[in-house]
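# Fold and geometry: a report
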Amino acid sequence: MHYDYLILGSGIAGLYAALLAARHGRTAVVTKGPIEESNTKYAQGGIAAAVGPGDSVATHREDTLRAGAGLCDPEAVDVLAREAPDRIRRLTELGVPFDSDEGRVALGREGAHSRPRILHAGGDRTGDAIETVMVRRVGEAGVDVFDRHAVTRLRIEAGRVAGVEALDPDGRSVLLNAPRTILATGGSGQLYTLTTNPAVATGDGVALAWRAGAVVRDMEFVQFHPTALRLPGAATFLLTEALRGEGALLRTPPGGDRGGRRFMPDYHPLAELAPRDVVARAIATEMRRTGRDHVLLDISHADADFVAARFPGVHQHCLRYELDITREPAPVAPAAHYQMGGVYTDHWGRTTLPGLYACGEVANTGVHGANRLASNSLLETVVFAQRAVEASQRGDAAAPAPAGTIPLGLAGETAPPDRAALQSLLWSNAGIVRDAGGLAAAAAAIDAWGPPPPGLEGATLGNMALVGRLIVEAARRRTDSRGAHYRSDAPAQPADTGDAHLSFVRAGAP
Ligand code: SIN
């Protein structure tokens, strides 16, 4: 089958790219699960943009750079903050029902933002609202959708990405051809035991691009969301940072000397609204100190009707477990949430492979640095999806590889016996706190597994092991602490942080 554009992935990045691409030619979306199943659907807090009174593009830019701990690409951040208001306008025109308050757009506050800047929809159901609109619009635009199709290979012809090989729902091989492929496959939270990400977030895009010879960058930076629900028998579930933006406090559980104590002021002047890496590490420290598997997130002091209306998704989800957040605190713990690293792109979504573009969580555009500012992720998708389509129409060549890219020869493709084996290995050895010994042990364990078995789950396990190995390798080579990458054997962030990234390419790639 021949198309002008293949879009891999069906979160907001993929569907927004598909809508724009469809204006230029035949477009197909290829996605592993049902079309709506993606990280986007589960996003709660919202989408950041400097659209409120007293806010400015410059302030948004500064906040993003500060959270990124010296590793953001300032030009990419400039693009992000500058183009944000236009993309919000476009999403509104497409029908995204952003919440308003007395006729003005309602803006929430999240960690490390110096202003209320987060647009939301349906209270804390922002992602679901966006995904629903995008799915409808893509249908109306006549885009073909290959759902439940798992891409197994990017096909290279004459030095260009020329299409993909995929497995259909019955396990049959399908070939799709296109001169332009846009990778929008999302992240890899499933590599960790606790994650806010759905089962489809297995790092497939990074693995596909790596095998095809694309450069990947910043793989050591995995963001752990500080507050995921931690109840016995309940699946991990995000409790949005917007709760802290509305005044929720973090306390240790009752009991012991520090029982019931609000602890974040001990760690950072911004307390509960400190950057996400700071809050996640503080919670992990308190959990270690108290010997508990959680801390408490408490918004019970706020007006109950307000909490129920502003956070209907969280409120109702918790009620299923007989936990009423308007009356009592919720047990929470950090969980893997977002991959800051990914397939390297320039400011136009171009990867280092001709014919291959990337946007959204799978891409490493440079906007997040070592630690993503809350709610910049949905924004990044629409800013760089549009740029990728525009660049592809100009017939742009590939991005040059970043200076200092390291050719990396890994021991060979392996797969864990099951997801849990990889998840617990990375959770313990390449999680919130890392050290040289644990990282070396993780690398050795991954290298010692056997080759991926045939079939879809085997391919997925192979992708997960490969992405895990890249995370471990980058974390081993970054021997200081920076943003979300924290080494207990080198905890101090050097005063001269420099701007050195770790970029890898498969040894022997053309
Ligand atoms: C949240 O709602 O806390 C998540 C927002 C984000 O990850 O940007």
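Everything below is about the structure shown above.
The structure reproduced in this document is the subject of the present report. (Residues numbered from 1 in each chain as written. Predicted model: local features only at pLDDT ≥ 70, side-chain atom pairs only at ≥ 80, totals over all residues. Heavy atoms only, no water.)

### Comments concerning the environment of P53
Locating P53 in the fold gives a position in the loop between β3 (47-48) and α3 (57-67). Residue P53 is classed as exposed on the basis of its relative accessible area, which comes to 66%. The spatial distance from the C-alpha of P53 to the C-alpha of R115 is 9.5 Å, given a sequence separation of 62 residues. (Helix = DSSP H or I, 4+ residues; strand = E, 2+ residues; numbered from the N terminus. Buried < 20%, exposed > 50% of the residue type's maximum accessible area, 1.4 Å probe, protein only.)

### Describing the sheet that holds strand β6 (residues 107-108)
Judged by pairing direction, the sheet is antiparallel, and its three strands sit side by side in the order β3-β7-β6 without closing on themselves. Edge positions in the sheet fall to β3 and β6, since each has one partner strand and no second. Here β3 runs beside strand β7 (residues 118-119); their pairing, made up of two bridges, is antiparallel. Its bridge partner lying in β7, A48 is registered against I118. (Pairing = 2+ DSSP bridges.)

### A word on the pairing of strand β10 (residues 160-167)
In the sheet, strand β9 (residues 150-157) pairs with β10 via seven bridges, with the strands oriented antiparallel. Across the sheet, A150 pairs through a bridge with L167, a residue of β10. As judged from the five bridges shared by β10 and strand β11 (residues 173-177), these two strands associate in the antiparallel manner. Bridge pairing in β11 links V164 to L176. Between β10 and β11, which pair antiparallel in sequence order, lie five residues; one of them, G171, sits at a positive phi of approximately 85°.

### Re the sheet that holds strand β15 (residues 237-238)
If you trace the five strands from one edge of the open sheet to the other, you get β15-β14-β18-β17-β16, paired in antiparallel fashion. At either end of the open sheet lies a strand with only one pairing partner, and these are β15 and β16 (249-251). Bridge count between strand β14 (residues 222-229) and β15: two bridges; the pairing is antiparallel. Residue pairing in the sheet places L229 in a bridge with F237 of β15.

### Quick word on the pattern of salt bridges
For the structure shown, the criterion picks out 40 salt bridges. In this structure, R478 engages E220 in a salt bridge whose closest nitrogen and oxygen atoms are separated by 2.6 Å. Linking R478 in the loop between α14 (456-477) and β23 (503-506) with E220 in the loop between β13 (216-217) and β14, this pair joins segments that are 258 residues apart in sequence. Taking relative accessible area as the criterion, R478 reaches 7% and is therefore assigned buried. With a relative accessible area of 0%, E220 lands in the buried category. Among the ionic pairs, D266 bridges to R261, the shortest N-O distance being 2.7 Å. The class of D266 is partly exposed, set by a relative accessible area of 44%. Salt bridges linked by common partners bring E83, D86, R87, R89 and R387 together as one network. (Salt bridge = Lys/Arg side-chain N within 4 Å of Asp/Glu carboxyl O.)

### Looking at the site of the ligand
Taken together, Q44, G45, H225, L238, T240, E241, R276, H337, R372, A374, S375 and S377 are the residues near the ligand. A distance of 2.7 Å is found between an oxygen atom of the ligand and a side-chain nitrogen or oxygen belonging to R372. The backbone of S375 places a nitrogen or oxygen atom 2.6 Å from an oxygen atom of the ligand. Considering the ligand on its own, with 260 Å² of exposed area, one finds that the protein chains cover 95% of that surface. Residue classes in the shell around the ligand are distributed as two nonpolar, seven polar and three charged. (Near = heavy atom within 4 Å. Polar contact = N/O pair within 3.5 Å; in protein donor to acceptor, adjacent residues only side chain to side chain. Areas by Shrake-Rupley, 256 points an atom, 1.4 Å probe, with all protein chains shown as cover. Nonpolar A, V, L, I, M, F, W, Y, C, P; charged D, E, K, R; others polar.)

### Looking at the side chain of T345
When you line up the elements, T345 lands in the loop between β19 (342-344) and β20 (356-358). According to the relative accessible area criterion, T345 is buried, its value standing at 1%. Each residue touching T345, except ones within four places of it in the same chain, is listed here: R350, T351, A358, A363, N364 and T365. (Contact = heavy atoms within 4.5 Å.)

### Topic: the nonpolar core
By size, the foremost hydrophobic cluster in this structure holds 61 residues, and its most contacted members are L6, Y192 and L470. The element that contributes the greatest number of residues to this core is α14, accounting for 10 residues. Among all residues touching L6, those that are not within four sequence positions of it are A28, V30, G163, V164, L176, N177, A178, R180, T181 and I182. I7, A76, V133 and V143 belong to the second-largest nonpolar core, a separate cluster that totals 49 residues. (Core = buried A, V, L, I, M, F, W, Y, C linked by side-chain atoms within 4.5 Å.)

### Quick notes on unusual backbone geometry
Residues other than glycine seldom take positive phi values, yet R148 does so here, at roughly 55°. In this structure R148 comes out as partly exposed when scored by relative accessible area, which is 44%. For A158, which is not glycine, the phi torsion reads 50° and is therefore positive. For A158, the position within the fold is in the loop between β9 and β10.

### Quick word on the packing of helix α1 (residues 12-21) against helix α5 (residues 126-140)
Contact pair α1 / α5: the axes reach a minimum separation of 10 Å and the direction vectors enclose 30°. On the basis of the axis angle, α1 is roughly parallel to α5. Note that α1 runs across α5; the crossing there is left-handed. Contacts from I12, L15, Y16, A18 and L19 in α1 reach I130, E131, M134, V135, R137 and V138 in α5. (Axes fitted to C-alpha atoms, helices over the stretch in contact; angles between N-to-C directions. Parallel < 35°, antiparallel > 145°, perpendicular 65-115°, else oblique. Left-handed = near helix turned anticlockwise from the far one by under 90°.)

### Looking at the packing of aromatic side chains
Scanning all chains against the criterion turns up five aromatic pairs. With a centroid separation of 5.3 Å and 85° between ring planes, the pair formed by Y192 and F224 is classed as edge-to-face. Pair noted here: Y192 is in the loop between β12 (180-183) and α6 (204-212) and F224 is in strand β14, with a separation of 32 residues, a long-range link. Assessed through its relative accessible area of 2%, Y192 is described here as buried. On the basis of relative accessible area, F224 is assigned to the buried category, the value being 4%. For the ring pair F263 and Y267, a centre distance of 6.2 Å and an interplane angle of 85° mean the geometry is edge-to-face. Residue F263 is classed as buried on the basis of its relative accessible area of 0%. (Phe/Tyr/Trp six-rings, centres within 6.5 Å; stacked < 30°, edge-to-face > 60°.)

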